[in-house]
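An overview of the molecular structure
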Amino acid sequence: IWSFIQAPSFDHAKVLVPASVAAVVLVAVSGPMITSGNADSVALGLEISTAMAALMCASYVGRMVAPFSPSPKEAAFGGLLIAIAGFFSFSQNLVVDGFVTLPTLPSIPLPQIPLGLGEEIDTNRY
């Protein structure tokens, strides 16, 4: 937004499109689903939010690798960090709330290491 305010142009306006679309989808579509209280609706809302965060990550990476971008690369990197945080937050909620189940590995017997309980330690010298 800062670069658009400093020099309004069509190139700067194009930079705002992915974030604007993501904001509309998150507020108008997934937001009401997440706050509905219905488990199926909450799961779908979190999945939509996770997908939007992943698409925003791709958008910011695309802006950073482009040879020319009307906005500073630092702004795209800051957006990428926020999008990554959003992705992990939404996907964590999917896992924690039990909407997505991760596969488990079989138990591997680990060797036992005998640990002393301190009976051979001389505590009188302290």
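Relevant structure appears above.
Report follows, based on the coordinates. Note that the structure is predicted; figures quoted are calculated from it, not measured. (Residues numbered from 1 in each chain as written. Predicted model: local features only at pLDDT ≥ 70, side-chain atom pairs only at ≥ 80, totals over all residues. Heavy atoms only, no water.)

Description of the nonpolar core
Ala-22, Met-52, Met-56, Cys-57, Tyr-60, Ala-76, Leu-80 and Ala-83 together form the largest nonpolar core, which totals 8 residues. Contributions of two or more residues to this core are made by helix 3 (39-65) and helix 4 (73-96). Sort the elements by how many residues they give to this core and helix 3 lands first, with 4 residues. Residue contacts for Ala-22: discarding those within four places in its chain leaves Met-52 and Met-56. (Core = buried A, V, L, I, M, F, W, Y, C linked by side-chain atoms within 4.5 Å. Buried < 20%, exposed > 50% of the residue type's maximum accessible area, 1.4 Å probe, protein only. Helix = DSSP H or I, 4+ residues; strand = E, 2+ residues; numbered from the N terminus. Contact = heavy atoms within 4.5 Å.)

Comments concerning helix 4
If you check helix 4, its first and last C-alpha atoms are 34 Å apart, about what 24 residues at 1.5 Å a residue would give, namely 34 Å. Residues of helix 4 that are buried: Ala-76, Gly-79, Leu-80, Ala-83, Gly-86, Ser-91 and Leu-94. Contacts from the buried residues of helix 4 go to helix 3. Remark: Gly-98 follows helix 4 within two positions and exhibits a positive phi of approximately 85 degrees. (Expected span 1.5 Å × (residues − 1).)

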